[in-house]
Amino acid sequence: MTDLPRTPPRYSATFTPAVNAEIRRAAASGIYDIRGGGTKRHLPHFDDLLFLGASMSRYPLEGYREKCATDVWLGTRHAKKPIHLDIPVTIAGMSFGALSGPAKEALGRGATEAGTSTTTGDGGMTEEERGHSKTLVYQYLPSRYGMNPDDLRRADAIEVVVGQGAKPGGGGMLLGQKIWDRVAEMRNLPKGIDQRSACRHPDWTGPDDLEIKILELREITDWEKPIYVKVGGARPYYDTALSVKAGADVVVLDGMQGGTAATQDVFIEHVGMPILACIPQAVKALQDLGMHRKVQLIVSGGIRSGADVAKAMALGADAVAIGTAALIALGDNDPRWEEDYQKLGTTADAYDDWHEGRDPAGITTQDPELSARFDPILGGRRLKNYLKVMTLEAQTIARACGKNHLHNLEPEDLVALTIEAAAMAGVPLAGTNWIPGRTGGF
Amino acid sequence: MQTFDLETEGLRALNSQLHALKGQTNLTAWEIVNPKGAHAIAVGLDAPIDVTVRGSTGYYCAGMNKQATVRVAGSAGPGVAENMMSGTVIVDGDASQYAGATGRGGLLVIKGNASSRCGISMKGISIVVHGNIGHMSAFMAQSGNLVVLGNAGEALGDSLYEARIFVRGSVKSLGADCIEKEMRPEHYELLEDLLKRGEADAKAKPEEFRRYGSARKLYNFNIDNASSY
């Protein structure tokens with residue numbers, strides 16, 4: 001009897017060890033899990049798209065001889081002083097508070113050296129950031145922490161934040177352990193308390209009000225600054241159309257892969273849409289209104305390489321923004337700090353407790369000792385290198401597709417590897433002319 | 001006195017001329033006629049000038065004001081004096097929603113009533129309302145003072161931080177984490193000053209007010225308080 005084979009242990013596909021661990025954690029702590037970063041689940045993404053490249057019917061450009069331009073103008077619709085960037089990869093909004101002062105400085109240094117812009121966040125504008133950023137976008141958020149007319153005027157553009165991809169419909173929370181003196185002072189709140197950022201703006205509701213709010217911001221800044229409207233990837237067709245109606249110069253669209261400094265894991269993983277599904281809808285809205293390329297579209301959420309940049313632009317974006325990738329370029333989650341990550345119960349490349357302020361890399365913290373680990377000059381140089389590589393990669397692909405400007409990439413250059421990606425991106429499944437939901441095929 | 005006809009000269013010309021006034025200027029007195037409910041009148045001012053608007057205004061009149069004194073000889077639409085930094089804004093009539101929202105300094109006086117969300121997210125401004133205020137006023141108010149000679153609507157001071165609220169009349173209900181607090185000598189002193197500067201000292205005395213502030217129970221998240229959020 002004892003020789004009969006036993007049934008091996010079998011894990012449930014529903015109650016996986018990770019699911020069970022979360023149930024135990026919730027039962028023990030009584031609070032939902034809060035973390036930083038974007039969604040970690042597998043999603044249809046740019047990896048599911050491929051470029052076709054040139055062939056008999058398309059002429060490629062010579063890589064080392066023929067020009068492939070990368071510049072972009074932003075804010076040409078209404079602003080007296082639109083922005084001109086050398087490369088179409090911008091740095092997304094991340095707050096001083098969520099990040100250390102030196103980390104913000106490094107983002108400004110790297111972006112400026114690479115010829116692009118950086119963006120403030122939900123904590124106001126710091127001198128480090130303004131001083132080191134040639135082109136700085138100033139976010140106008142529901143909390144209005146640090147908001148003032150002088151900073152509005154010394155910004156190069158204003159970004160009205162309606163939502164972000166990690167949490168469309170959600171506000172923010174900067175936990176008390178990151179509220180050191182300077183952060184507390186800038187936000188006009190007591191040190192050490194949790195800072196709740198509202199999910200709705202305090203003085204406008206809906207697109208009709210937003211139109212008037214944008215008028216006020218333009219009047220205060222004498223119509224000089226481009227005004228962006230940032231939305232999370234929720235209903236991109238209507239959000240884009242309504243942003244245009246409200247008077248936006250630029251629409252910033254952030255998919256659910258976009259990161260956050262601190263939000264409930266359940267929110268990050270279960271609300272919003274992947275950026276791949278968002279871009280075609282936003283582009284369609286712009287095209288339907290006759291505003292594609294007139295109101296520029298910046299997309300973000302999971303952009304990692306020049307291939308992602310090229311794919312986003314081929315789908316119709318004018319530029320992209322990076323946040324998580326920029327932090328990794330600076331040194332976030334680097335294996336060199338593995339010993340410290342282990343002490344925090346995690347490992348390099350998986351650390352996401354940015355809200356706790358104990359970042360071994362000294363980037364997502366206000367702790368002076370940890371911050372001192374981070375060198376803003378070296379960090380800036382690393383970010384510049386990374387941005388340059390992304391640009392070179394995107395140019396390589398564009399030339400192979402016969403394009404002399406990244407903006408000339410088009411959906412026709414793409415195919416999809418999966419039915420899901422084909423349906424979302426609106427490009428044919430590889431080897432067919434089938435776009436699910438649109439055309440028949442074989 | 002500089003008289004500006006908004007109807008014929010337009011909003012852009014108005015704000016552009018007012019923005020051009022830097023530091024010491026001789027053009028210190030302005031009168032704006034025919035406002036006809038226009039939005040964004042006299043926004044982003046940054047000079048010690050006096051501006052009187054003869055009529056009612058739309059959204060965001062005197063938004064982000066610094067230094068200037070702006071008087072609305074009429075009623076004001078939503079967001080009057082939003083994010084004001086300094087100076088004084090006086091509304092002779094009533095004010096719509098979000099009056100003084102996120103204001104960081106200066107004094108906002110509303111001679112009539114203020115609608116809902118008066119002083120929402122205020123960050124240092126002082127607001128004196130001669131009449132009543134609507135629901136959700138001083139929501140998430142961080143610092144500064146809200147003085148109400150009349151009554152307050154529902155959910156006053158919800159999710160309040162360190163702002164001080166003084167109400168002379170009734171309060172329909174208090175919001176989450178907002179409680180009545182003791183009036184101490186420094187509060188009477190503060191009120192006396194605000195009532196005087198708010199042109200209300202003939203109407204009310206400091207001892208007629210009650211003070212409301214934060215219980216500070218929601219300052220750090222606690223699951224046992226979840227039903228309060």
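Data block above holds the structure.
From a predicted model like this one, the values you see are computed outputs, not experimental measurements.

Colleague: How would you sum up the sheet that holds strand S15 (residues 319–322) of chain A? Please name residues and give values.
Modeller: One key point about sheets: their strands pair by backbone hydrogen bonds, in either a parallel or an antiparallel sense. All names here are of chain A. With parallel pairing, 8 strands are arranged side by side in an open sheet as S5-S15-S14-S12-S11-S8-S7-S6. A strand with exactly one partner marks an edge of an open sheet, and here the two such strands are strand S5 (89–91) and strand S6 (118–119). Where S6 meets strand S7 (residues 136–140), 2 bridges bridge the pair, whose relative direction is parallel. Across the sheet, the residue bridging to Thr 119 is Val 137, located in S7.

Colleague: Give me the interface of chain A and chain B: which residues, what numbers.
Modeller: Tallying the contact residues gives 21 residues for chain A and 36 residues for chain B. The greatest single-element share of the side of chain A that touches chain B, amounting to 5 residues, is contributed by helix H6 (residues 206–220) of chain A. Partitioning the side of chain A that touches chain B into residue classes produces 11 nonpolar, 4 polar and 6 charged.

Colleague: Account for the packing of H6 of chain A against helix H7 (residues 236–246) of chain A, with residues named and values stated.
Modeller: Residues and elements named next belong to chain A. Interhelical geometry of H6 versus H7 gives an angle of 40 degrees and a closest axis separation of 8 Å. Relative to H7, H6 is oriented oblique. Considering only the axes of H6 and H7, their crossing is right-handed. Of the residues in H7, those touching H6 at Pro 207, Leu 210, Glu 211 and Ile 214 are Leu 242, Lys 245 and Ala 246. The residue inventory of the contact of H6 with H7, partitioned by class, reads 5 nonpolar, no polar and 2 charged.

Colleague: So, the environment of Glu 338 of chain A: which residues are in play, and what are the values?
Modeller: Residue and element names in this part refer to chain A. With respect to the helices and strands, the residue Glu 338 is situated in helix H12 (residues 338–343). Separated by 150 residues in sequence, Glu 338 and Asn 188 have C-alpha atoms that sit 36 Å apart. If we ignore the near neighbours within four places in the chain, the residues touching Glu 338 are Thr 347 and Ala 348.

Colleague: How would you explain the sheet that holds strand S10 (residues 178–181) of chain B if you had to name every residue and give the values?
Modeller: All names here are of chain B. Read across the open sheet, the 11 strands follow the order S1-S2-S3-S4-S5-S6-S7-S8-S9-S11-S10; overall the sheet is mixed. The open sheet has two edge strands with one neighbour each: strand S1 (2–5) and S10. Averaged over all pairs of adjacent strands, the angle between their axes in this sheet comes to 15 degrees, without regard to strand direction. Where strand S5 (residues 88–91) meets strand S6 (residues 107–110), 4 bridges bridge the pair, whose relative direction is parallel. When the bridges of S6 are listed, Val 89 appears paired with Leu 108. On the sheet, helix H3 (residues 185–197) packs against S6, strand S7 (123–129), strand S8 (143–148), strand S9 (164–167) and strand S11 (210–214) and is oriented at approximately 70 degrees with respect to S8.

Colleague: Talk me through the pairing of strand S8 (residues 157–161) of chain A; I want residue IDs and the actual numbers.
Modeller: All names here are of chain A. Most of S8 is tucked away: 5 of the 5 residues are buried. Where burial is concerned, the two faces of S8 agree: the one with Ala 157, Glu 159 and Val 161 and the one with Ile 158 and Val 160 are both buried. Looking at chain direction, S7 and S8 are connected through 4 bridges and run parallel. Its bridge partner being in S8, Val 137 is matched across the sheet by Ala 157. The parallel pair S7 and S8, bridged by helix H4 (residues 149–154), forms a crossover whose chirality is right-handed.

Colleague: So what about the environment of Ala 416 of chain A? Which residues, and what values?
Modeller: All names here are of chain A. When you line up the elements, Ala 416 lands in strand S16 (residues 414–416). Separated by 366 residues in sequence, Ala 416 and Leu 50 have C-alpha atoms that sit 6.2 Å apart. Setting aside residues no more than four positions away along its own chain, Ala 416 makes contact with Asp 48, Leu 49, Ala 421, Ala 422, Ala 425, Val 427, Pro 428, Leu 429 and Ala 430.

Colleague: Quick rundown of H3 of chain B? Include the residues and the values.
Modeller: For the α-helix, the turn length of 3.6 residues means that residues three or four positions removed from each other point alike. Residues and elements named next belong to chain B. Its 13 residues give H3 an end-to-end C-alpha distance of 19 Å, which sits within 8% of 18 Å, the value for a rise of 1.5 Å per residue. Residues of H3 that are buried include every one of Leu 191, Leu 194 and Leu 195, and no others. The buried residues of H3 occupy an angular sector of 100 degrees when projected down its axis, which confines them to one face. Exposed side of H3, more than 90 degrees from the buried face: Pro 185, Glu 186, Glu 189 and Lys 196 are the residues found there. Lining the buried residues of H3 we find S7, S8 and S9. One or two steps after H3, the chain reaches Glu 199, where phi turns positive at roughly 55 degrees.

Colleague: Please set out helix H9 (residues 275–288) of chain A residue by residue, giving values where relevant.
Modeller: Residues and elements named next belong to chain A. With 14 residues, H9 should cover 20 Å at 1.5 Å per step; its first-to-last C-alpha distance of 20 Å lies within 8% of that length. The element H9 is largely enclosed, with a buried count of 10 among its 14 residues. Looking only at H9, the buried set comprises Ile 275, Leu 276, Ala 277, Cys 278, Ile 279, Gln 281, Ala 282, Val 283, Ala 285 and Leu 286. Where H9 terminates, the next one or two residues include Gly 290, which has phi positive at roughly 70 degrees.

Colleague: Residues and numbers for the packing of H7 of chain A against H9 of chain A, please.
Modeller: All names here are of chain A. For the pair H7 and H9, the least separation of the axes is 8 Å and the interaxial angle reads 40 degrees. When the axis of H7 is compared with that of H9, the two are oblique. Crossing geometry of H7 relative to H9 is assigned as right-handed. Contacts from Pro 236, Tyr 237, Thr 240 and Ala 241 in H7 reach Cys 278, Gln 281, Ala 282, Lys 284, Ala 285 and Leu 286 in H9. The residue inventory of the contact of H7 with H9, partitioned by class, reads 7 nonpolar, 2 polar and 1 charged.

Colleague: Mind laying out the pairing of strand S14 (residues 296–300) of chain A, listing which residues take part and the relevant values?
Modeller: Successive side chains on a regular strand alternate, one facing one side of the sheet and the next facing the other. All names here are of chain A. Here S14 lies mainly inside the structure; 5 of its 5 residues are buried. With 5 bridges joining them, strand S12 (residues 250–254) and S14 adopt parallel strand pairing. Bridging across to S14, Val 252 finds its partner in Ile 298. Two elements, S14 and S15, share 3 bridges in a ladder whose sense is parallel. Its bridge partner lying in S15, Ile 298 is registered against Ala 319.

Colleague: Explain unusual backbone geometry residue by residue, including any values.
Modeller: Not every positive phi belongs to a glycine, and Asn 333 of chain A is a case in point at roughly 65 degrees. Residue placement: Asn 333 of chain A occurs in the loop between helix H11 (324–330) and H12. The phi dihedral of Asn 34 of chain B falls on the positive side, at around 55 degrees, and the residue is not glycine. Assignment of secondary structure puts Asn 34 of chain B in the loop between strand S2 (29–33) and strand S3 (50–54).

Calculation notes
- Residues numbered from 1 in each chain as written.
- Chains lettered and ligands numbered in written order.
- Predicted model: local features only at pLDDT ≥ 70, side-chain atom pairs only at ≥ 80, totals over all residues.
- Pairing = 2+ DSSP bridges.
- Helix = DSSP H or I, 4+ residues; strand = E, 2+ residues; numbered from the N terminus.
- Contact = placed C-beta atoms within 7 Å.
- Nonpolar A, V, L, I, M, F, W, Y, C, P; charged D, E, K, R; others polar.
- Axes fitted to C-alpha atoms, helices over the stretch in contact; angles between N-to-C directions.
- Parallel < 35°, antiparallel > 145°, perpendicular 65-115°, else oblique.
- Left-handed = near helix turned anticlockwise from the far one by under 90°.
- Buried ≥ 20, exposed ≤ 12 C-beta atoms within 10 Å, placed from the backbone.
- Right-handed = clockwise from strand over helix to strand, strands pointing away.
- Expected span 1.5 Å × (residues − 1).
- Arc of directions from axis to C-beta.

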